[in-house]
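For reference, the chains in residue letters:
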Amino acid sequence: MKRMFALALAVLLALGLTACQDEKSVTGSLAEVQTDENGALTALVLESDGKRTGVLLAEKTQVWPRGSGSWSSQEVMEAFRRDLQPGNELSAWCYSRKEKLETAEGESIPAYWGQSISISGILKRNALTLRDGTSVDVMEEDYHGDDRTYRLSDGTELLRVRDNGGPENHYVMNLESFDDLSEAAKERVRDYYEAQGPLYDELEELEKSYAAYLQLGEAFSCDWIQQDAVPTASNDKIMYFVSSLTLPQEYGGRISYERQSGAAFDRETGEKIDNWELFAVSPEEVRRRFPELCGWVDEPELRQAMGGALDPERFVFFPEHVSVDFPPGSLPGEGNGYIISLDYKNAPEGFFQPWAVPDGRSE
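Being a predicted model, the structure only gives us computed values, none of them experimental.

What to know about the environment of Pro-354
- If you trace the backbone, Pro-354 turns up in the segment after strand 17 (338-343).
- The class of Pro-354 is exposed, set by a relative accessible area of 68%.

Side note on the environment of Gly-155
- Mapped onto the fold, Gly-155 is located in the loop between strand 9 (146-151) and strand 10 (157-163).
- Separated by 175 residues in sequence, Gly-155 and Ser-330 place their C-alpha atoms 36 Å apart.

Comments concerning the pattern of salt bridges
- Counting across every chain of the model gives 20 salt bridges.
- Between Arg-151 and Glu-89 there is a salt bridge whose closest N-O contact spans 3.5 Å. Taken together, the residues Arg-151 in strand 9 and Glu-89 in strand 5 (residues 89-95) connect sequence positions 62 residues apart.
- Arg-151 gets classed as buried once you look at its relative accessible area, which sits at 14%.
- Close ionic contact of Glu-140 with Lys-124 constitutes a salt bridge, the shortest N to O distance being 3.1 Å. With a gap of 16 residues between them, Glu-140 in strand 8 (residues 135-141) and Lys-124 in strand 7 (residues 108-129) connect regions that are remote in the sequence.
- Beyond isolated ion pairs, a larger network of salt bridges with shared partners links Glu-89, Arg-151, Glu-157 and Arg-160.

Digging into the sheet that holds strand 15 (residues 315-317)
- Taking strand neighbours across the sheet as the criterion, the 3 strands line up as 15-16-17 in an open arrangement whose pairing is antiparallel. If you trace the sheet from one side to the other, it starts and ends with strand 15 and strand 17, each paired once. Going from strand to strand, the sheet's axes swing by 25° on average, the running direction of each strand aside.
- Direction of pairing for strand 15 relative to strand 16 (residues 321-326): antiparallel, over a ladder of 3 bridges. Bridge pairing in strand 16 links Val-316 to Ser-323.
- Taken strand by strand, helix 5 (residues 283-293) contacts strand 15, strand 16 and strand 17, and its axis lies near 90° from that of strand 17.

Points about helix 2 (residues 73-82)
- Within helix 2, the full set of buried residues consists of Val-76, Ala-79 and Phe-80. Here the buried residues of helix 2 occupy an arc of 105° about the axis, which is enough to place them on one side. In helix 2, the exposed positions that point more than 90 degrees away from the buried face belong to Gln-74 and Arg-82.
- Looking at the buried side of helix 2, the elements it contacts are strand 2 (41-48), strand 4 (62-64) and strand 7.

A few points about the packing of helix 5 against helix 6 (residues 300-309)
- The geometry of helix 5 relative to helix 6 is characterised by a closest axis approach of 8 Å and an angle of 130° between their N-to-C directions. Overall, the two elements helix 5 and helix 6 adopt an arrangement that is oblique. As for how helix 5 packs across helix 6, the hand of that crossing is right-handed. Contacts between helix 5 and helix 6 involve Arg-287, Pro-291 and Glu-292 from the former and Arg-303, Met-306, Gly-307, Gly-308 and Ala-309 from the latter.
- Along the lines of polarity and charge, the residues of the contact of helix 5 with helix 6 split into 3 nonpolar, 2 polar and 3 charged.

Notes on the confidence of the model for the protein chain
- Confidence along the protein chain averages 88 in pLDDT terms, with 90% of residues attaining 70 or more.
- Taking the mean pLDDT of every element in the protein chain, the minimum, 41, falls on helix 1 (residues 2-21) and the maximum, 98, on strand 14 (residues 272-273).

With respect to the side chain of Glu-141
- Positionally, Glu-141 belongs in strand 8.
- Despite its burial, Glu-141 remains without a salt bridge, the nearest opposite charge being carried by Arg-151 at 5.4 Å.
- Within the structure, the side chain of Glu-141 is placed 3.0 Å from the side chain of Thr-149, a separation counted as a polar contact.
- Not counting residues up to four positions away in its chain, the partners in contact with Glu-141 are Arg-66, Ser-120, Gly-121, Asp-147 and Thr-149.

Cut-offs used in this document
- Numbers given for residues are sequential positions, taken from 1 along each chain in its written order.
- Two thresholds apply to this predicted model, a pLDDT of at least 70 for residue-level local features and 80 or more for giving and counting side-chain atom pairs, whereas whole-chain, interface and lining totals are computed over all residues.
- Excluding hydrogens and water, the side-chain values take into account all heavy atoms of the structure.
- The way it works is that DSSP assigns letters per residue, a run of H or I at least four long becomes a helix, a run of E at least two long becomes a strand, and they are numbered from the N terminus.
- For the exposure calls, accessible area comes from a 1.4 Å probe over protein chains only, and a residue counts as buried if that area is under 20% of its type's maximum, exposed if over 50%, partly exposed in between.
- Throughout this description, the term salt bridge denotes a Lys or Arg side-chain nitrogen within 4 Å of a carboxyl oxygen of Asp or Glu.
- Here, any two strands with at least 2 DSSP bridges between them count as paired.
- Inter-axis angles, ranging from 0 to 180 degrees, are taken between N-to-C directions of lines fitted to C-alpha atoms, where helices are fitted over the stretch in contact.
- Residues are treated as being in contact if the distance between any of their heavy atoms lies within 4.5 Å.
- To be clear, the arc concerns the directions from the helix axis to the C-beta atoms.
- Comment on the angle field: the value is read as roughly parallel under 35 degrees, roughly antiparallel over 145, roughly perpendicular from 65 to 115, and oblique elsewhere.
- A clockwise turn of the near helix away from the far one marks a right-handed crossing, whereas an anticlockwise turn of less than a right angle marks a left-handed crossing.
- Any residue that is not Ala, Val, Leu, Ile, Met, Phe, Trp, Tyr, Cys, Pro, Asp, Glu, Lys or Arg is counted as polar, Gly included; the first ten are nonpolar and the last four charged.
- The score called pLDDT rates the predictor's confidence residue by residue, from a low of 0 to a high of 100.
- For the purpose of counting charges, residues Lys and Arg are taken to be positive, whereas Asp and Glu are taken to be negative. His and the chain ends are not included.
- Here a polar contact is taken to be a pair of N or O atoms separated by no more than 3.5 Å, where protein atoms must pair a possible hydrogen donor with a possible acceptor and residues adjacent in sequence count only if both atoms sit in side chains.

Below, the structure written as structure tokens:
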């Protein structure tokens, strides 16, 4: 019996491996659309890194336009065909058996039968103009919420922006989330982050990336920006969130930094609580003691600078500690950024309000 079970398991594993091997992913920008004499779609040519690959369409090939939702099959196909514009990004899951396809120019390229095809990015040409008159295209992507990439007309990528929206889109293992708030609190917290909006000037960041491209030439690497709002801690009274913003530190050089700001909300009413109110001592006492209590800031001058530059919005409360972010340039004479943190267990008695200390992380 054990031998038969082992044999059956081996067969199932082999079948599963075969199924995985029968799929091939093909992605790229749309270079060509082919149809039959009746106008029905027969093949698409995708280009990636200068190489072209064909995706063959059959009657059972599933197609997904951008934001198709639950439309009827006819509406989905019509929307898909409208999205088949040169330069738009497509992703296809295909059978792995290789075929051949002849392009309009007579080139023979590898091709695969498509199982499903989706529009993953819409290219908007000449979407905006930089200060010196240079036109910039924008690729709007569907992978992670509101994503976009700014490109020059030759395809050079200058800046990628990823904005995943409010805290309702994020879940952290072992932590309570936006869904655990009362309905009244959800509305107020959502309104707060919608009103907060981007913590950066997107067009100004694009100009900086373009200036770096002009200076660095072929050594330039595409910059990126990402902003998230994520839950960090909670107790029976409060839920804490962090707005995390990643920006270039050296434009065009793949060096970035993350800037964090925290917010506390009453979990029943959604009222935002001033971060100074989370401490049982005065703001002056917090500024004086916090850098010292962190334990590793030994230089008196640096402690004093941190105390003076401490922005209460930079306090981020986690299950076991609270941190403060000092972005690059925020401390006199310091080009680098710092993050200092204090464990609640190392804080003197009476430093935090008892109701402000989060519950520890669940095991």
